[in-house]
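# Observations on chain architecture
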Amino acid sequence: MKPFKWGVATSSYQIEGAVAEDGRTPSIWDTFCQVPGAVAGGDNGDVACDHYHRMPEDVALIKSLGVDTYRFSVAWPRVQPGGTGPVNPAGLAFYDRLTDELLASGIDPWVTLYHWDLPQELEDAGGWPNRDTAYRFADYAMLVFDKLSDRVTNWTTLNEPWCSAWLGYHVGVHAPGRQDHDASIAAVHHLLLGHGLATQRMKAAATPDHSFGITLNMGTADPATDSEADREAARRADGMGLRIYLDPLRKGTYPRDMVDDLAARGTAFPVQDGDLAIISTPFEVLGVNFYFGQDFSGTDEHGALLDAAGHPVVRDVKPAGPRTAMGWPITPDRFTRLLLRLHRDYPGLPLVITENGAAFDDTVIDETGFVTDDDRTAYLSEHIAAVLAARDQGADIRGYFAWSLMDNFEWAEGYAKRFGIVHVDYKTQKRTPKQSALWFRDMITR
Ligand code: IFM
């Protein structure tokens, strides 16, 4: 069997804080957090876990967990303030130090170039719906690659472009908070184009040791019943959630049914000549972020097939059973099914679980900050078993990262939802491994 790596993951805006230090400029999340009501509790990432100032302590914490690898993201507005122009040496130096600290601790760094913190200036120029942002992203990627590629081998371009495009530009619950369906479709295409452009440029400067990829959040989309409407809703959800990303990336084409669906509402991916060849540039690893599977209905609560705007209803009806604090169903069996489906439908692509984990309402039980999180421990145990089951059945899975190393800024949910296997006391910034962290450490040793 191929080697399997264990790791923990975080992202820049969720943990770093220090939003105005060493030349960093605002990202779309700094701006979004200022919109009244956008983020629960009026929270923001100004301080977060103060990781920017506590990095060596945090690397020691990671080391204590016995993991092989640590997945972190680079903040674009720290490295290239405003999103264009020359590198900001002071900002890039932070990731240089982090890389060295990890390597000195025997931990393999895994870099994600974009985990949602788009420089605000680029959003002001149109954001991801603007084609130019894809080219700006490739330039930025090269600034980071030039500095770190002598020590970092694992490179992920984008984290969860579905969230950037759909939640950011269509639903509007994530930064930049726009509600424009056509803009979100353009964003999908330009995110993928940015991935392809960056991959091509990094590969041209890479050695055979380097590995490139993209991380997608994926679930399973099942029809709530066997009705024609529900099966149709599941098809649409699967298309918008998974196939409009993986088909262009791996097959060099957008799925026909989705192109037709979009045409029916007067929209199209803004494809230019050569784009799909760029987007389908070969890469070495697909990052899979899995949290839950979903059921879909093609009718609303009153049985209507069309919504107020005349578009087909695609309603998420959560499967019965236990939920996490996010209200997300707990569906490890569907995780195995997803991994086997990826192995079958997109063959020849090694998979790494770049995120999996759960928020629960933790209770600190003593003055040390310890949390006996049986629910999170069970979630991780069941989902790791689901990964290993898929691996036993032939899926080429090379690693698993728990989300997240520590409690952090959970986007529109603020700090109220805790995904960490390490508890963070936000008043003191004290980190305390939870029961799940100790379980994870012992499991890795076994
Ligand atoms: O916290 C997020 C992360 O930033 C991206 N994937 C899902 C996680 C939990 O919502």
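Quick look at the structure, then. These figures come from a predicted structure and were not determined experimentally.

### Looking at the packing of aromatic side chains
Tallied over the full model, the rule gives 33 aromatic pairs. Pairing tyrosine 291 with phenylalanine 419 gives two aromatic rings, centres 6.0 Å apart and planes at 85°, and the pair type is edge-to-face. Placement of the pair is tyrosine 291 in the loop between strand E7 (285-289) and strand E8 (294-297) and phenylalanine 419 in the loop between strand E11 (397-403) and strand E12 (422-425), with a sequence separation of 128 residues. The same class applies to tyrosine 291 as to phenylalanine 419, namely buried. Grouped by ring-pair contacts, the aromatic residues Tyr13, Trp29, Phe32, Trp116, Phe409, Trp411, Tyr415 and Tyr426 constitute a single cluster. The ring of tyrosine 52 has arginine 78 sitting right over it, with the charged end atom 4.2 Å from the ring centre. The ring of phenylalanine 283 carries the charged tip of arginine 250 above its face, separated from the ring centre by 5.7 Å.

### Quick word on the site of the ligand
The environment of the ligand is made up of Gln14, His115, Trp116, Asn159, Glu160, Tyr291, Trp328, Glu355, Trp403, Glu410, Trp411 and Phe419. In this structure, an oxygen atom belonging to the ligand sits 2.7 Å away from a side-chain N or O atom of glutamine 14. Contact with the protein chains covers 95% of the free accessible surface of the ligand, which is 280 Å². Considered class by class, the residues forming the shell around the ligand number six nonpolar, three polar and three charged.

### Overview of the sheet that holds strand E9 (residues 315-317)
Strand order in the open sheet made by the three strands is E6-E8-E9, with mixed pairing throughout. With partners counted over all chains shown, the strands left at the sheet margins are strand E6 (221-223) and E9, one partner each. Strand-to-strand, the axes of this sheet are offset by a mean angle of 45°, without reference to chain direction. Pairing between E8 and E9: three bridges, direction antiparallel. The partner of aspartate 295 across the bridge, within E9, is valine 317.

### With respect to the pairing of E11
With six of seven residues buried, E11 is to be regarded as a mostly interior element. One ladder, built from five bridges, connects strand E1 (residues 5-9) with E11; its direction is parallel. From the neighbouring strand, valine 8 faces E11, where its bridge partner is alanine 402. As paired elements, strand E10 (residues 351-355) and E11 share three bridges and run parallel to each other. The residue bridging leucine 351 from the neighbouring strand is isoleucine 397, located in E11. Tracing the backbone out of E10, into helix H14 (residues 374-392) and back to the parallel element E11 gives a crossover that is right-handed.

### Quick notes on helix H5 (residues 89-104)
Since one α-helical turn is 3.6 residues long, residues separated by three or four positions face the same way. Taking 1.5 Å of rise per residue, 16 residues should cover 22 Å, and H5 covers 22 Å from first to last C-alpha, within 8% of that figure. All of the buried residues in H5 are Gly91, Leu92, Phe94, Tyr95, Asp96, Leu98, Thr99 and Leu102. In this fold, the buried residues of H5 make contact with helix H1 (12-15), helix H3 (51-64), strand E2 (69-73), helix H4 (76-79), strand E3 (108-114) and helix H7 (132-148). Glycine 106 sits one or two positions beyond H5 and adopts a positive phi of about 80°.

### Section: the side chain of histidine 174
Along the chain, histidine 174 turns up in the loop between helix H8 (161-171) and helix H9 (181-204). For histidine 174, a relative accessible area of 10% translates into the label buried. Those residues in contact with histidine 174, other than ones at most four positions away along the chain, are Trp29, Phe32, Trp116, Cys163, Leu167, Gly168, Trp411 and Ala412.

Parameters at a glance
- Residues numbered from 1 in each chain as written.
- Predicted model: local features only at pLDDT ≥ 70, side-chain atom pairs only at ≥ 80, totals over all residues.
- Heavy atoms only, no water.
- Phe/Tyr/Trp six-rings, centres within 6.5 Å; stacked < 30°, edge-to-face > 60°.
- Helix = DSSP H or I, 4+ residues; strand = E, 2+ residues; numbered from the N terminus.
- Buried < 20%, exposed > 50% of the residue type's maximum accessible area, 1.4 Å probe, protein only.
- Lys NZ or Arg CZ within 6 Å of the ring centre and 35° of its normal.
- Near = heavy atom within 4 Å.
- Polar contact = N/O pair within 3.5 Å; in protein donor to acceptor, adjacent residues only side chain to side chain.
- Areas by Shrake-Rupley, 256 points an atom, 1.4 Å probe, with all protein chains shown as cover.
- Nonpolar A, V, L, I, M, F, W, Y, C, P; charged D, E, K, R; others polar.
- Pairing = 2+ DSSP bridges.
- Axes fitted to C-alpha atoms, helices over the stretch in contact; angles between N-to-C directions.
- Right-handed = clockwise from strand over helix to strand, strands pointing away.
- Expected span 1.5 Å × (residues − 1).
- Contact = heavy atoms within 4.5 Å.

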